[in-house]
Amino acid sequence: MSEPVVLWEDRDAIAVLTVNRPAALNALNADVMDALVLAFHTHAHREGLRAVVVTGAGGKAFVAGADIPGMRDFTVAQAEAFARKGQDLAAAIESCPVPVIAAVDGFALGGGCELALCCDMIVAGARAKFGQPEVNLGVIPGFGGTQRLVRRVGLAIAMDLCLTARIVDAKEAYAIGLVSRTVEGSAFDAALEMAATIAKKGPFAVRMVRRALHENADAPLATGLAAERSLFALCFATSDQKEGMAAFVEKREPQYTGR
Ligand code: CO8
């Protein structure tokens, strides 16, 4: 029997989601994208889950892009359907109830860079390489690269990356604001540590922070501030807030329930 193209592994409060096509540097084809969507829908709502780490198998790549031989003979309609699949996957990640962290060791190119950009945070290891090389192939990014990338790094740098297909290393990716953290060694280990840190925080507050940041990223300041005010107030309806503040006053570790 052939290996599953996507692996979901629960490790207590953390789940590890692995794109598992190492022979093709984890390139995204329709099967991989469907399996990723299914994994989020099937597993991401489990009680006690606090964070998801997304990684690529084989050690050489996070994801080296969409599957080039698979796209080669696409009609216009097939290309549109494939891009929609990308948007379905982005929606599945964005509606995940807990933070999703991309651990990038090796190549995150084209659709791979775009997959990482769908996650809440990107951790880049020493060997990480990012880029949008689609113009090399006569196409453009189709999985949010022209949209999420520009929001993350600004127009000047997004233009540079998308027009020249330049590949950037971890250090430069951090300098331009593409990634949240860069580490000397393995991004996977660092992402697990980051996930474990988040798992200890108030789960309701973690959910509200994500909502405040995601839902208002493009909103006018006044709208965003009004949303933040409501979400802040909502925290005071939870036992997490009572517990978090009681634990501080009583000088002990909080025991959160997520309610
Ligand atoms: N698709 C399919 N197979 C790939 C891909 C890919 N994107 N990238 C690498 N592979 C395969 C290679 O063909 C090779 O297979 P084989 O051994 O059978 O020949 C194997 O992976 C190893 O690759 P290399 O031998 O090329 O390894 P190198 O170390 O020499 O090079 C590179 C590594 C630099 C990453 C090189 O493989 C490369 O340039 N890959 C293509 C990168 C790229 O252009 N990515 C963008 C693709 S287009 C895209 O992503 C559009 C997104 C739109 C998505 C729309 C909806 C989701």
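Residues numbered from 1 in each chain as written. Predicted model: local features only at pLDDT ≥ 70, side-chain atom pairs only at ≥ 80, totals over all residues. Heavy atoms only, no water.

A. Representation of helix α10 (residues 221-235) within the structure. An ideal rise of 1.5 Å per residue puts 21 Å on 15 residues; α10 measures up with 21 Å between its terminal C-alpha atoms. Among the residues of α10, those classed as buried are Gly224, Leu231 and Cys235. When α10 is viewed along its axis, its buried side chains cluster within an angular range of 50° and face the same direction. In α10, the exposed positions that point more than 90 degrees away from the buried face belong to Ala222 and Arg229. (Helix = DSSP H or I, 4+ residues; strand = E, 2+ residues; numbered from the N terminus. Expected span 1.5 Å × (residues − 1). Buried < 20%, exposed > 50% of the residue type's maximum accessible area, 1.4 Å probe, protein only. Arc of directions from axis to C-beta.)

B. Spatial organisation of the environment of Val104. Looking at the element boundaries, Val104 is found in strand β5 (residues 100-104). Overall, the relative accessible area of 0% leaves Val104 in the buried class. Counting along the chain gives 53 residues from Val104 to Ile157, while the straight-line C-alpha distance between them is 20 Å. Not counting residues within four places of it along the chain, the set of residues in contact with Val104 comprises Phe62, Ala116, Ile122, Val123, Ala124, Gly125, Ala128, Phe130 and Ala187. (Contact = heavy atoms within 4.5 Å.)

C. Looking closely at the site of the ligand. Close to the ligand lie 25 residues; Lys60, Ala64, Ala66, Ile68 and Gly111 are nearest. Within the side chain of Lys60, one N or O atom sits 2.6 Å away from an oxygen atom of the ligand. Considered on its own, the ligand offers 1,100 Å² of accessible surface; in the complex 64% of this is hidden by protein. Only α2 (68-71), α3 (76-94), β6 (107-109) and α4 (111-118) provide two or more residues apiece to the shell around the ligand. The element contributing the most residues to the shell around the ligand is α2, with three residues. In terms of residue class, the shell around the ligand is built from 17 nonpolar, four polar and four charged. (Near = heavy atom within 4 Å. Polar contact = N/O pair within 3.5 Å; in protein donor to acceptor, adjacent residues only side chain to side chain. Areas by Shrake-Rupley, 256 points an atom, 1.4 Å probe, with all protein chains shown as cover. Nonpolar A, V, L, I, M, F, W, Y, C, P; charged D, E, K, R; others polar.)

D. Region of interest: the state of the cysteines. Using the criterion set out here, one finds zero disulfides in the structure. Its sulfur unpaired, Cys118 is 6.6 Å from the next cysteine sulfur, which belongs to Cys119. Sulfur of Cys162: no disulfide; nearest cysteine sulfur belongs to Cys113 and is 8.5 Å away. Residue classification places Cys162 among the buried residues on the basis of a relative accessible area of 13%. (Disulfide = S-S within 2.5 Å.)

E. Summary view of the domain arrangement of the protein chain. One can read the domain layout of the protein chain as domain 1 (6-199) and domain 2 (203-250). In this structure, domain 1 and domain 2 have C-alpha centres spaced 27 Å apart. Taken together, the contacts link ten residues of domain 1 with six residues of domain 2. Linking domain 1 with domain 2 are two salt bridges, by the criterion used here. (Domains from an automatic or database assignment. Salt bridge = Lys/Arg side-chain N within 4 Å of Asp/Glu carboxyl O.)

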